[in-house]
Amino acid sequence: MKTDLTDTTSSKINKALVLGRRAIGAPAVGMVLTLVIVTDEENAYDALKAANEASREHPSRTLVVIKRVSRSPRDRAKARLDAEVRLGADASAGETVVLRLYGEVVDHAQSVVLPLLLPDAPVVVWWPVDAPTDPAKDPLGALAQRRVTDTYASEQPIEELTARAETYTPGDTDLSWTRITPWRSMLAAALDQVACEVSAAEVEGEEFNPSVELLAMWVADRLKVPVRRSKSAGPGLTSVRLETDCGPIVLDRPDGSLATLSIEGQPDRGVALKRRDTAELIAEELRRLDPDDTYAAALKFGVERLDERAAVTAPEPEEVEVSAETETSETASEASPTEEKATPAAKSAAKKAPARKAAAK
């Protein structure tokens with residue numbers, strides 16, 4: 001069921017939600033949270049599709065805030081709010097309200113969203129693109145207990161990670177961190193199987209992928225070892241290598257779906273480690289609404305502390321410098337047995353030499 005409202009208000013939207021629930025025979029509100037998606041017109045469809053799929057696990061009221069750009073001064077001076085209310089099959093297992101803001105109301109989106117929040121329910125704000133530098137101080141972010149960004153969608157993802165670390169507030173998280181959850185689980189399980197000490201590590205992945213940096217910082221922070229960040233053709237994360245005193249532990253995923261776990265002294269094992277879509281990532285983030293201290297520790301470790309020369313792909317043999325005197329003594333010692341064997345022959349030859357000369361005379 002869809003209801004279009006043009007030049008409307010928040011109270012009229014709430015009334016449309018009540019009438020829509022009665023029309024479909026579901027007057028009670030069975031939502032567990034409010035998900036606010038702040039995006040543009042270009043990315044609204046994909047973000048809403050992911051939210052609808054995640055609502056099957058977490059029934060929620062989804063508010064899509066689209067800030068429309070006004071080109072002329074006359075349009076910027078005129079404030080207008082259009083809404084599209086979706087219920088029933090059109091909203092999956094929840095309720096969806098698409099809000100399009102025009103003019104001056106763009107700068108006051110929180111005043112539109114606040115009356116539409118579910119009472120006594122958590123609020124999560126998600127920026128699929130163009131997230132603010134400090135999400136906690138954003139007017140919409142201040143309404144939420146959980147703030148979700150995605151540095152992978154930014155133009156400078158590595159610099160964005162540094163900015164996120166400087167402005168981190170408990171409740172902030174990022175989908176680039178959510179993408180590496182299977183990798184962290186698999187590496188932790190691999191280290192539980194051996195009683196070895198890790199000395200160095202290497203994390204390999206495609207360039208400009210913040211998930212690679214986050215995984216490297218997590219390994220460095222948890223294991224307190226130098227970590228090298230290497231570049232590959234992708235897709236995404238491709239390999240993690242841990243150097244231990246019992247041999248290397250390697251988790252390699254060259255194709256983006258199936259990985260191979262190699263532990264010294266054990267047979268190689270295939271591991272399902274596919275790249276997850278946005279709906280799965282959002283569903284995982286909605287499972288926990290408390291601050292993620294592990295993410296905070298890894299983020300604040302700092303990208304600049306990752307050493308490009310800290311680890312090597314394979315341990316190289318140590319080169320032993322040999323001095324000239326050592327080489328001479330070794331050569332003399334190697335040649336001494338030959339000289340000892342040749343001494344009796346030389347003496348017999350010296351004794352036979354005068355007899356030959358006498359015969360010649």
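Residues numbered from 1 in each chain as written. Predicted model: local features only at pLDDT ≥ 70, side-chain atom pairs only at ≥ 80, totals over all residues. Heavy atoms only, no water.

Draft legend 1. Structural context of the overall build of the chain. Within the chain, the regular secondary structure consists of 11 helices and 14 strands. In the chain, the proportion of contacts linking residues at least 24 apart, taken out of those at least 6 apart, comes to 71%. Carbon together with sulfur atoms contributes 51% to the accessible area of the chain, which is approximately 19500 Å² in total. (Helix = DSSP H or I, 4+ residues; strand = E, 2+ residues; numbered from the N terminus. Contact = heavy atoms within 4.5 Å. Areas by Shrake-Rupley, 256 points an atom, 1.4 Å probe, with all protein chains shown as cover.)

Draft legend 2. Representation of the sheet that holds strand E12 (residues 249-252). Strand order across the open sheet formed by 6 strands is E10-E9-E11-E12-E13-E14, with mixed pairing between neighbours. The outermost strands of the open sheet, each flanked by one partner alone, are strand E10 (227-232) and strand E14 (269-272). On average, each strand axis in the sheet is inclined to that of its neighbour by 15 degrees, with strand direction left out of account. Here strand E9 (residues 198-206) runs beside E10; their pairing, made up of 6 bridges, is parallel. (Pairing = 2+ DSSP bridges. Axes fitted to C-alpha atoms, helices over the stretch in contact; angles between N-to-C directions.)

Draft legend 3. Local environment of the state of the cysteines. The full count for this structure, using the stated rule, is 1 disulfide. In this model, Cys-196 is linked to Cys-246 through a disulfide, with the two sulfur atoms separated by 2.0 Å. What sets the handedness of the Cys-196 and Cys-246 disulfide is the S-S torsion sign, and at about -115 degrees it is left-handed. Linking Cys-196 in the loop between helix H7 (181-192) and E9 with Cys-246 in the loop between strand E11 (237-244) and E12, this pair joins segments that are 50 residues apart in sequence. (Disulfide = S-S within 2.5 Å.)

Draft legend 4. Focus on the pattern of salt bridges. The full count for this structure, using the stated rule, is 18 salt bridges. A salt bridge links Arg-80 to Asp-82; the shortest N-O distance between them is 2.9 Å. Looking at Arg-80, the relative accessible area reads 28%, which means it is partly exposed. Its salt-bridge partner being Arg-86, residue Glu-84 comes within 2.9 Å of it at the nearest N-O pair. Judged by relative accessible area, which is 12%, Glu-84 ranks as buried. (Salt bridge = Lys/Arg side-chain N within 4 Å of Asp/Glu carboxyl O. Buried < 20%, exposed > 50% of the residue type's maximum accessible area, 1.4 Å probe, protein only.)

Draft legend 5. Representation of the packing of aromatic side chains within the structure. For the structure shown, the criterion picks out 2 aromatic pairs. With a centroid separation of 6.1 Å and an interplanar angle of 65 degrees, the aromatic rings of Tyr-168 and Tyr-295 are classed as edge-to-face. Remark: Tyr-295 occurs in helix H10 (residues 293-301) and Tyr-168 occurs in the loop between helix H5 (157-166) and strand E8 (172-174); sequence separation between them is 127 residues. Relative to Tyr-295, the ring of Trp-177 lies with its centre 5.6 Å away and its plane at 55 degrees, an arrangement referred to as tilted. Of this pair, Trp-177 sits in helix H6 (residues 175-178) while Tyr-295 sits in helix H10, placing them 118 residues apart in sequence. Judged by its relative accessible area of 1%, Trp-177 falls in the buried class. Looking at Tyr-295, the relative accessible area reads 2%, which means it is buried. Feature note: the residues Tyr-168, Trp-177 and Tyr-295 constitute an aromatic cluster, connected by ring pairs. (Phe/Tyr/Trp six-rings, centres within 6.5 Å; stacked < 30°, edge-to-face > 60°.)

Draft legend 6. Fine view of the environment of Leu-48. With respect to the secondary-structure elements, Leu-48 resides in helix H2 (residues 41-54). Classification of Leu-48 by relative accessible area gives buried; the value is 7%. Sequence separation between Leu-48 and Ile-37 is 11 residues; the distance between their C-alpha atoms is 8.0 Å. Once residues within four sequence positions are removed from consideration, Leu-48 is found in contact with Thr-62, Val-64, Arg-86, Thr-96 and Val-98.

Draft legend 7. Examining the sheet that holds strand E2 (residues 33-39) more closely. Taking strand neighbours across the sheet as the criterion, the 8 strands line up as E1-E4-E5-E3-E2-E6-E7-E8 in an open arrangement whose pairing is mixed. Where the open sheet ends on each side, the last strands, each with one partner, are strand E1 (2-5) and E8. Sheet twist, expressed as the average angle between the axes of neighbouring strands with direction ignored, equals 15 degrees. In this structure, E2 lies alongside strand E6 (residues 123-126), joined through 4 bridges in parallel fashion. Its bridge partner being in E6, Ile-37 is matched across the sheet by Trp-126.

Draft legend 8. Representation of the packing of H2 against helix H9 (residues 278-285) within the structure. At their nearest, the axes of H2 and H9 sit 8 Å apart, and the two run at 55 degrees to each other. Classified by the interaxial angle, the pair formed by H2 and H9 is oblique. Here the hand of the crossing between H2 and H9 comes out right-handed. Residues Ala-50, Glu-53 and Ala-54 of H2 form the contact with H9, whose own contacting residues are Thr-278, Ala-279, Ile-282 and Ala-283. (Parallel < 35°, antiparallel > 145°, perpendicular 65-115°, else oblique. Left-handed = near helix turned anticlockwise from the far one by under 90°.)

Draft legend 9. A look at the packing of helix H8 (residues 210-223) against H10. At a minimum axis distance of 8 Å, the contact between H8 and H10 shows a crossing angle of 100 degrees. By the angle class used here, H8 and H10 are roughly perpendicular. Across the interface between the two elements, Leu-214, Met-217, Trp-218, Ala-220 and Asp-221 of H8 pack against Thr-294, Tyr-295, Ala-297, Ala-298, Leu-299 and Phe-301 of H10. Looking at the contact of H8 with H10 residue by residue, the class counts come to 9 nonpolar, 1 polar and 1 charged. (Nonpolar A, V, L, I, M, F, W, Y, C, P; charged D, E, K, R; others polar.)

Draft legend 10. The arrangement of the side chain of Ser-10 in detail. Within the secondary structure, Ser-10 is located in helix H1 (residues 10-23). Residues in contact with Ser-10, not counting those within four places in the same chain, are Leu-81, Ser-111, Val-112, Pro-115 and Leu-116.

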